[in-house]
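Here is what each chain is made of, one letter per residue.
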Amino acid sequence: RAKDAGGGEHCDYEPLLHANAEEKRRLENSLRSALEKNELLLHYQPVVDAKTEEVVGFEALVRWNSSEHGSVSPAKFIPLAEDTRLIVPIGTWVLQQACNEAAASWPENVKINVNVSPEQLLEPEFATTVVRALSQSGLDPKRLEIEVTESIFLRDASIARKALEQCMALGCSVALDDFGTGYSSLGYLRKLKFSTIKVDRIFVQGAAQHSPESLAIIRAVVAMADSLGMTTTAEGVENDDEAEMIRQLGCTKIQGFHFGRPMPAADARLIFGRPHGGPERKKA
Ligand code: C2E
Ligand code: MG
Ligand code: MG
Ligand code: MG
């Protein structure tokens, strides 16, 4: 395999698909050229206000239409991109693209959420990448929310924290994604001022099925977020029962198939009646 200019210097294949190393190698080689071949694109999933159901933001979710492998799920290629550090250039592209789209097409109160992997955050250049994405797009930093998972605190927690603090100093906000599903220590909630805690779909599903544990956990997270001056977003709300339960539990925002699937940029623009983006963008 060519371990070349793309920059992958370590290849830790251990966790994934041992039996299928060959398939993985082929996927990695394709992923290496995905950016230049324009095979990546972003879909956007609406985030709505739990009370008013107004769209208050979108989460950018990367998609890969590979000429060789067809459409590949991020659940499969993001871990691979992280292992090979290809996530760094991919993540830079995602950030720029998402900021461009938000600045060009959506009303000024609509936020854009962008997922950032630990490997990206730990790059010394990360804050510079954010500054560039903001200045090249002209996006108000207040509209950019970076999503990280608890996994960023597993390695160089203090470096990760500094990088996020630099982003906050720019005016961006930070959300804690998939809360409660990873390795959790609550200690970092003392040290880092997240704006939002995203409650994972597992708890949402459990709550709608009246699981006492899921209900208790969501209630506790909502209360804790509230005391810490943070908001909550319920993830993966798929139906009316789940939405109703989440509203009763007091989550601030909701995201899920019930309110909108991840969709191409052109469809996301239609939500605001702006099919073509740019021109009608701003009424003075
Ligand atoms: P995530 O950040 O937790 O994103 C939410 C995932 O839940 C998305 O999966 C979304 O399509 C899915 N989802 C949303 N609503 C529902 C629902 O109602 N029901 C169910 N069952 N699922 C729902 P997706 O797009 O496959 O992305 C998977 C993960 O890949 C993301 O999880 C995120 O961790 C990662 N990812 C996606 N895009 C990026 C990216 O640009 N950069 C990085 N670093 N990671 C990304
Ligand atoms: Mg996310
Ligand atoms: Mg999530
Ligand atoms: Mg999740």
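Because the structure is predicted, anything quoted here is derived from the model rather than measured.

A word on the state of the cysteines. This structure, assessed with the given rule, holds 0 disulfides. Cysteine C99 is unpaired, with the sulfur of C172 as its nearest cysteine sulfur at 7.7 Å. For C99, a relative accessible area of 0% gives the class buried. In this model C172 remains outside any disulfide bridge; the closest cysteine sulfur is found in C167, 5.7 Å from its own.

Note on placement: L192 falls in the loop between α7 (187–191) and β7 (196–199). Look at L192 and you get buried, because its relative accessible area is 2%. Between the C-alpha atoms of L192 and K162, which are 30 residues apart in sequence, the distance is 9.4 Å. If we ignore the near neighbours within four places in the chain, the residues touching L192 are F153, R161, L164, E165, M168 and M230.

Around the magnesium ion (ligand 3), the donor atoms from the protein are D177 (OD), D178 (OD), E235 (OE) and E235 (OE), and they sit 1.9 to 2.8 Å away. Expressed as a motif, the donor residue spacing for the magnesium ion (ligand 3) is D-D-x56-E. Taken as an interatomic distance, the gap from the magnesium ion (ligand 3) to the magnesium ion (ligand 2) is 3.8 Å; D177 donates to each of them. In this pair, D177 is assigned in strand β6 (residues 173–179) and E235 in the loop between β8 (231–234) and α10 (240–249), connecting sequence segments 58 residues apart. For E235, a relative accessible area of 12% gives the class buried.

What counts and how
- Residues numbered from 1 in each chain as written.
- Chains lettered and ligands numbered in written order.
- Predicted model: local features only at pLDDT ≥ 70, side-chain atom pairs only at ≥ 80, totals over all residues.
- Heavy atoms only, no water.
- Disulfide = S-S within 2.5 Å.
- Buried < 20%, exposed > 50% of the residue type's maximum accessible area, 1.4 Å probe, protein only.
- Helix = DSSP H or I, 4+ residues; strand = E, 2+ residues; numbered from the N terminus.
- Contact = heavy atoms within 4.5 Å.
- Donors = N, O, S within 2.8 Å, 3.2 Å for Na, K, Ca; no water.

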